[in-house]
Structures are given as C-alpha cells and as structure tokens.
Amino acid sequence: MGTTFFQRADYVAITPEVVLALFGLGILLIDFLIEEKRDKYLNAVTALIGLAMAFVQLLRFWRGTLLPMPYSGFGGTLVLDSFAIYFQSLIVVATAVVVLISAKYLEIEEAHFGEYYALLLFSAVGMMFMASGRDLIVLFIALELMALCEYVLTGFLRGDRRSNEAAMKFFLLGAFSSGLLLYGMSLLYGLSGSTNLAVIAERLADRPAGDPLSWMAMTTLLAGLFFKVAAVPFHQWTPDAYEGAPTSITAFISVAPKAASFAILLRILMAGLWPMREDWKLLTIGVAVATMTLGNLAAITQTNIKRFFGYSTISHVGYLLLGLIAAADGNPEGLTAIAIYLLVYTFMNLGAFAVIIMMRRQNLIGDEIDDLSGLMTRAPGLAILMLIFLLSLAGIPPTAGFIGKYFIFLSLIQTQHYVLAVVAVLYAVVALYYYFRIVVAMFMKNPLDSVPLATSTGLSVALGVTLTLTLVVGVYPQPFILFAREAVRPFFSF
Amino acid sequence: MVPVSHVLALSVILFGLGAAGFIVRRNIITIFMCIELMLNAVNLAFIAFSRYLGDPDGQIFVFFVIVVAAAEAAMGLAIIIAVQRNRQTLSIDDLDSMKL
C-alpha cells in the first residue's frame with residue numbers, strides 16, 4: 001500500500017487478462033488483412049488461441065507454481081485467490097464455447113466481422129476482473145467493461161429491428177442499474193472512508209445494527225447487482241435482450257456474465273458486506289422466492305425459444321440466490337452449491353443453445369419452439385443431445401443439473417430453511433413441465449420444413465465439450481465438488 | 001463552509017430527479033440524459049464524501065465514473081442512431097416489436 005510501486009508479480013497476476021486484451025486488439029488488426037469473406041473464421045481461431053493461452057496460465061495459477069496463493073496485488077485492489085481463478089477459468093471456457101458456436105451463425109446472418117470476437121474477448125477481460133477485483137473502483141470498471149461490450153454485441157445485427165430494440169432496452173436498463181450500483185458504492189465509501197472491500201467490512205462491523213445509512217447503501221448496491229444477475233424485480237431486460245440478440249450472444253449473456261455477476265455479488269456480499277449478513281439475507285430470501293416464482297411461471301407460456309430460455313435463466317438465478325441464503329448463515333456448502341451450479345448451468349445452457357443455433361439456416365429465423373418440431377425424425381442424434389441438456393436443466397439425475405440443485409437443497413436443509421427448500425423443489429416440478437414442452441415438440445410433432453440444419457465443425461466440438469461436461473459432472477461429480485469447495489474457501493477462512 | 005449534509009441532500013435530489021425522469025420520459029435521448037444526471041449525482045456524493053473524509057480515493061473514483069459515462073454515451077448514441085435508422089422514431093413506446 002501507499003507509495004510503493006507495483007511489484008513484478010502484480011503483472012504476472014494479470015497475464016491472462018493482458019493476453020486476452022492483446023488478442024482482442026490483434027483481431028481488430030488482423031481483420032483488415034482478411035479480404036475473403038469465407039476466411040473470416042480465422043478471427044475465431046485467433047480468439048480461441050488467446051483463450052487457450054489464458055486458460056493455461058490460469059491452470060498454472062491454480063497449481064500455485066507461478067505465484068503464492070492467494071496473491072493480493074496492485075496495492076490490495078486485486079486478489080488472485082482460488083475463488084477468482086475458478087470463476088475466471090469458467091468465464092474463459094464459456095467464452096471459448098461461444099466462439100465455437102458463433103462462426104457458422106454469423107456467416108448465415110452475414111455479420112461475420114472481426115469486431116465480434118474482439119468484443120467477446122474484451123468482455124471476457126472485464127468479467128475476469130469482476131472475479132478478482134477487491135476494490136470498488138476495479139469492480140465498477142470491470143463491470144462496465146463487460147456491460148458495454150454486451151450492449152454492442154446484443155445490437156450486433158445492425159439492420160435487424162429486434163436486435164436494435166434489444167440493445168436499446170438492455171443498454172438503458174443496464175445504465176440505470178449502474179447508476180443505482182454506483183450510488184450504493186458512493187454511500188459505502190462515505191460510511192467507511194475506503195474503496196477496499198476488506199476495509200469496508202471492518203468499518204461496517206463498527207456501525208450500530210440497524211443503521212439507516214448502511215442499510216440504504218446495501219439496498220441500492222444490491223439493487224444494482226440484482227439487475228446484473230437478472231433477479232426479480234429487476235429482470236425486465238432479460239427476455240427482450242435474449243429474444244432480440246443474435247442467438248450466439250444470447251448463449252453468451254445467459255452464461256458468462258451470469259457467472260461473473262455472481263462472482264462480484266459473492267465478493268461484495270461475503271467480503272465487503274459480511275457484517276450486514278442478517279440484513280441482506282432477508283432481502284435475498286424475498287428476491288429469490290420472487291425470482292423462482294416469476295421465472296418458472298412465465299416460462300410456461302412462452303412460444304419463442306430464446307425468450308423461453310430468458311425466463312428459464314431467471315428461474316435458475318432464483319435457485320442460485322438460495323445458496324446465498326445458506327451462506328449467510330455461515331454454511332460454506334451454500335457457496336459451494338453456487339459455484340458448482342454455475343459450472344453445470346454454463347455447460348448445459350451452452351449445449352442447449354448449440355442445438356438451437358442450428359435452427360437458424362438459410363432464410364429461416366428458427367427461434368420459435370415449433371421450429372424444433374420433429375427434430376427426432378430429422379436428426380435423432382441432436383434430438384437426444386437436446387433431451388440430455390433439457391433433462392439437466394430440469395435437474396434430473398444422472399445429469400449435471402441434478403448435482404447443482406442437490407447441493408442447493410442440501411445447503412438449505414443444513415441451515416434449517418425447510419420452507420424454502422420445499423418451495424424450490426415444487427418449482428423444480430414446474431420447470432420439468434415447461435422443459436418437456438420442448439421435448440414433446442421434438443419427439444411427438446412433425447417437422448415443419450425440410451431445410452437442412454446448419455452444422456459445422458465448431459458446433460460439433462462445442463456440443464462434444466458441453467455434453468461431456470454435462471454427463472461427467474452428473475455421473476462422477478467428486479473432483480468438481482472438490483474444485484468448488486476449494487474455490488469458496490477464501491470466504492470461510494477468516 | 002457548506003456542510004456535507006447539504007451537498008448530499010442535493011445529490012439525493014438530483015439522483016431522484018434522474019431516476020424519476022428515467023421512468024416518466026418517453027424520448028430515448030431524454031431518458032439517456034436522465035441516466036447521465038444520475039451518474040453526476042453520484043459524482044457529487046463521491047466528492048462530498050471525499051472532502052468530508054479528507055481522502056482522495058473518492059475523487060479518483062469520480063474520474064473513472066466520468067470516463068465510463070463518456071464511453072457509455074458513445075455506445076448509447078451509436079445504438080440510438082441504429083434504432084433511428086431502422087424505425088425513424090425515438091419514442092420508447094415504439095420499441096415494441098417484442099411482446100412484454
């Protein structure tokens with residue numbers, strides 16, 4: 001702290017982000033050199049190389065060979081602990097899968113530009129800092145970097161009315177939520193005299209219980225964060241943004257920013273606002289129940305599959321928030337549950353989107369549930385894959401989704417929140433119903449058209465990766481549970 | 001010297017006006033200006049706290065907020081232009097091609 005300059009190790013700690021930012025800039029340059037439209041996939045390859053390099057570096061961090069763990073750098077504003085590395089790895093892998101499913105789709109949409117991949121990487125950089133930041137300034141900048149890239153990507157199909165509209169709504173509500181978040185941050189700064197989460201936690205502990213100012217700071221901060229994770233009552237942007245965005249971007253914003261937003265939410269609540277846990281626990285209980293209710297009930301009547309997945313995401317966010325309630329009671333399993341749930345959710349959701357994205361072909365938009373009709377007769381393999389992803393999303397064993405839900409329920413029962421656990425299980429039944437609407441369409445209805453599906457090598461690889469993880473985590477969860485336990489340990493060692 | 005509570009009260013009023021305008025106004029550009037008003041209210045709060053605490057971090061934060069607000073303005077206006085070209089309107093009520 002103070003006047004000392006940054007250490008060499010500080011720069012080592014941010015190498016994955018630096019690599020991704022450089023590759024993003026590189027893509028912007030290389031894009032000019034690629035003249036043939038069909039060679040644009042080279043941008044995707046470049047992005048994948050950058051993501052692979054970042055991932056390798058993250059693995060080295062995890063093993064602790066490069067830096068002592070946990071490493072606190074840049075004057076305590078950044079911390080590289082197992083929590084940060086876990087979420088950063090998840091973000092990098094999710095971004096890589098999105099790159100894999102994008103190339104073919106963008107060709108069909110005739111929007112295959114290099115900026116797309118550059119923006120994806122920049123957004124990933126922002127998300128990675130969201131996971132490792134421990135200072136309000138860093139967290140805010142990281143969040144905005146992620147969000148600004150997302151707005152542009154949502155409106156990437158410039159001539160498409162729905163894409164514009166989605167970007168506009170997403171942008172206005174996102175900027176509004178940033179304002180709320182910032183207001184909370186300014187109050188928190190005024191209360192504690194510092195922007196560092198560790199110092200904030202110390203000062204908040206000294207404040208009297210029920211202090212209105214700290215309560216107001218917490219509420220506005222939480223409102224801003226709940227916006228980002230799409231929790232009720234701040235969810236309105238989700239269905240519109242999901243429906244209007246290019247399908248590959250819908251896949252992206254439904255997973256990676258969710259993981260990053262949960263990382264920042266956990267970091268702020270567990271590290272900064274821990275002394276106020278009784279207060280934010282109450283708020284979270286209300287928001288979690290409302291989120292599960294609205295997400296699950298609204299999903300039932302949807303006909304557009306992207307919008308359907310918007311509401312499905314909202315319901316998953318409800319389950320994730322339940323883990324936070326258990327964590328507020330000092331139960332580490334609550335956070336383990338969130339970490340593992342986000343992992344499995346990322347892959348099962350990306351898998352489902354990898355199937356959906358194939359419906360966009362030639363002149364067909366293919367984003368209605370009816371477009372999946374008769375998939376079993378047209379492409380039995382794909383129909384079975386989709387079935388596995390949907391079973392996983394509904395939480396049926398032996399798929400990964402079951403493991404995620406299992407840990408959430410377990411943590412709730414361990415902390416004696418029986419009513420919440422029962423409500424969550426009941427909503428899981430509702431979820432089964434609406435996910436099976438898609439299954440019924442795929443297996444029981446007749447195909448609407450005979451236009452071949454838009455397959456590609458990248459999509460096959462993406463399907464392979466997501467399927468493998470969805471099944472492996474479901475059948476043999478042990479190593480992943482250990483990773484998740486390790487990831488949340490920084491919050492329970494003090 | 002103006003006490004910190006006065007400045008904070010002004011900041012709350014400005015923030016409230018911005019938030020109210022965000023909800024009430026129908027023109028996209030006006031809504032966007034309301035968001036800017038909210039951000040500037042936050043800046044004011046940061047500076048007031050910074051002066052009150054005698055700590056420079058708050059003012060540094062303000063610089064970053066200004067930078068982000070500028071980036072947001074660039075991004076937002078670009079999206080607004082795209083909307084305008086596709087629809088020839090800037091009323092938020094006309095952005096209704098997706099059901100609620």
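Described in the following lines is the structure provided in the data block. (Residues numbered from 1 in each chain as written. Chains lettered and ligands numbered in written order. Predicted model: local features only at pLDDT ≥ 70, side-chain atom pairs only at ≥ 80, totals over all residues. Heavy atoms only, no water.)

Here's the deal with empty space enclosed by the protein
Residues and elements named next belong to chain A.
Okay, step 1: One pass over the structure, following the stated rule, counts 2 cavities of 30 Å³ or more.
Okay, step 2: Here the largest cavity is characterised by a volume of approximately 120 Å³.
Okay, step 3: Lining the largest cavity are 15 residues, with E150, F170, F227, K228 and W237 sitting closest to its centre.
Okay, step 4: Contributing elements (two or more residues each) for the lining of the largest cavity: α6 (136-154), α7 (161-192), α9 (212-229) and α11 (247-272).
Okay, step 5: For the lining of the largest cavity, a count of residues per class yields 9 nonpolar, 3 polar and 3 charged.
Okay, step 6: Estimates place the volume of the second largest cavity at around 50 Å³.
Okay, step 7: Lining the second largest cavity we find A13, I14, E17, Y71, G73, F74, L78, V79, L80, Q88 and S132.
Okay, step 8: Every element with two or more residues in the lining of the second largest cavity is listed here: β1 (71-73) and β2 (78-80). (1 Å grid on protein atoms, 1.4 Å probe; cavity = no way out; pocket = protein on both sides within 12 Å on 5 of 7 lines; lining within 4 Å. Points joined across faces, edges and corners; volume = space filled by probe spheres on them. Helix = DSSP H or I, 4+ residues; strand = E, 2+ residues; numbered from the N terminus. Nonpolar A, V, L, I, M, F, W, Y, C, P; charged D, E, K, R; others polar.)

Some words on the side chain of B:D55
Okay, step 1: One can find B:D55 in the loop between α2 (28-53) and α3 (57-87).
Okay, step 2: Notably, B:D55 is buried but unbridged: the nearest opposite-charge side chain belongs to A:R203, and the N-O separation is 7.8 Å.
Okay, step 3: Aside from chain neighbours lying at most four places away, what touches B:D55 is A:Y189, A:G193 and B:S50. (Buried < 20%, exposed > 50% of the residue type's maximum accessible area, 1.4 Å probe, protein only. Lys, Arg positive; Asp, Glu negative; His and termini not counted. Salt bridge = Lys/Arg side-chain N within 4 Å of Asp/Glu carboxyl O. Contact = heavy atoms within 4.5 Å.)

A short note on the nonpolar core
Okay, step 1: Counting 227 residues, the largest nonpolar core has A:L273, A:W280, A:F309, A:L321 and A:L322 as its most contacted members.
Okay, step 2: Looking at which element gives the most residues to this core, the answer is helix α14 (residues 332-357) of chain A, with 19 residues. (Core = buried A, V, L, I, M, F, W, Y, C linked by side-chain atoms within 4.5 Å.)

Quick notes on the interface of chain B and chain A
Okay, step 1: Listed per partner, the contact involves 42 residues of chain B and 42 residues of chain A.
Okay, step 2: Taken together, both faces of the contact between chain B and chain A bury some 3,800 Å²; the carbon and sulfur share is 75%.
Okay, step 3: Counting the contacts that link chain B with chain A gives 1 salt bridge.
Okay, step 4: Measuring nitrogen to oxygen at the nearest pair gives 2.9 Å for the salt bridge that ties A:E165 to B:R87.
Okay, step 5: At the junction of chain B with chain A, the criterion picks out 8 residue pairs in polar contact (both at pLDDT 80 or more).
Okay, step 6: At 17 residues, α3(B) tops the list of elements feeding residues into the side of chain B that touches chain A. (Buried area = accessible area lost by both parts, 1.4 Å probe. Polar contact = N/O pair within 3.5 Å; in protein donor to acceptor, adjacent residues only side chain to side chain.)

Quick look at the pattern of salt bridges
Okay, step 1: The final tally for this structure, using the stated rule, is 20 salt bridges over all chains.
Okay, step 2: Here A:E109 ties to A:R360 by a salt bridge, and the two come within 2.7 Å at their closest N and O atoms. Of the two residues, A:E109 sits in helix α4 (residues 82-109) while A:R360 sits in the loop between α14 and α15 (375-378), which places them 251 residues apart along the sequence.
Okay, step 3: Residue A:R162 is joined to A:D367 by a salt bridge in which the shortest nitrogen-to-oxygen separation is 2.9 Å. Here the residue A:R162 occupies a position in helix α7, and A:D367 occupies one in the loop between α14 and α15, the gap between them amounting to 205 residues.
Okay, step 4: Judged by its relative accessible area of 6%, A:D367 falls in the buried class.
Okay, step 5: Because the salt bridges share partners, they merge into one network encompassing A:R162, A:E165, A:K169, A:D240, A:E243, A:R307, A:D367 and B:R87.

So, the packing of α11(A) against α14(A)
When two helices pack together, their arrangement is given by the angle between the helix axes and the distance between those axes.
Residues and elements named next belong to chain A.
Okay, step 1: At a minimum axis distance of 8 Å, the contact between α11 and α14 shows a crossing angle of 170 degrees. By the angle between their directions, the pair α11 and α14 is classed as roughly antiparallel. Contacts between α11 and α14 pair T247, S248, T250, A251, S254, V255, K258, A259, F262, L266 and M270 from the former with L335, I338, L342, Y345, T346, N349, L350, F353, I356 and I357 from the latter.
Okay, step 2: Of the residues that constitute the contact of α11 with α14, the class distribution is 14 nonpolar, 6 polar and 1 charged. (Axes fitted to C-alpha atoms, helices over the stretch in contact; angles between N-to-C directions. Parallel < 35°, antiparallel > 145°, perpendicular 65-115°, else oblique.)

Notes on unusual backbone geometry
Residues and elements named next belong to chain A.
Okay, step 1: Of note, the amide linkage connecting V232 to P233 takes the cis form, showing an omega dihedral of 5 degrees.
Okay, step 2: Its place among the elements puts P233 in the loop between α9 and α10 (237-244).
Okay, step 3: With an omega of 5 degrees, the peptide bond running from P397 to P398 counts as cis.
Okay, step 4: Looking at the secondary structure, you find P398 in the loop between α16 (380-394) and α17 (400-414).
Okay, step 5: A positive phi angle is found at E110, which is not glycine, with a value near 55 degrees.
Okay, step 6: Tracing the backbone through its elements, the reader meets E110 in the loop between α4 and α5 (114-132).

Some points on the environment of A:Y435
Residues and elements named next belong to chain A.
Okay, step 1: By secondary structure assignment, the location of Y435 is in helix α18 (residues 418-444).
Okay, step 2: Judged by its relative accessible area of 1%, Y435 falls in the buried class.
Okay, step 3: Sequence separation between Y435 and L463 is 28 residues; the distance between their C-alpha atoms is 19 Å.
Okay, step 4: With residues near it in sequence (within four places) discarded, Y435 still touches F308, S312, H316, L390, L393 and A394.
Okay, step 5: Side-chain polar atoms of Y435 contact the side chain of H316, separated by 3.1 Å.

Concerning a nonpolar patch on the surface
Okay, step 1: A contiguous nonpolar surface patch, about 430 Å² in accessible area, is contributed by A:Y41, A:L42, A:V45, A:I49 and A:M53.
Okay, step 2: Relative to the helices and strands, A:I49 is located in helix α3 (residues 41-63). (Patch = residues over 30% accessible without salt bridge, like charges linked within 9 Å, V, L, I, M, F, W, Y side chains within 5 Å. Areas by Shrake-Rupley, 256 points an atom, 1.4 Å probe, with all protein chains shown as cover.)

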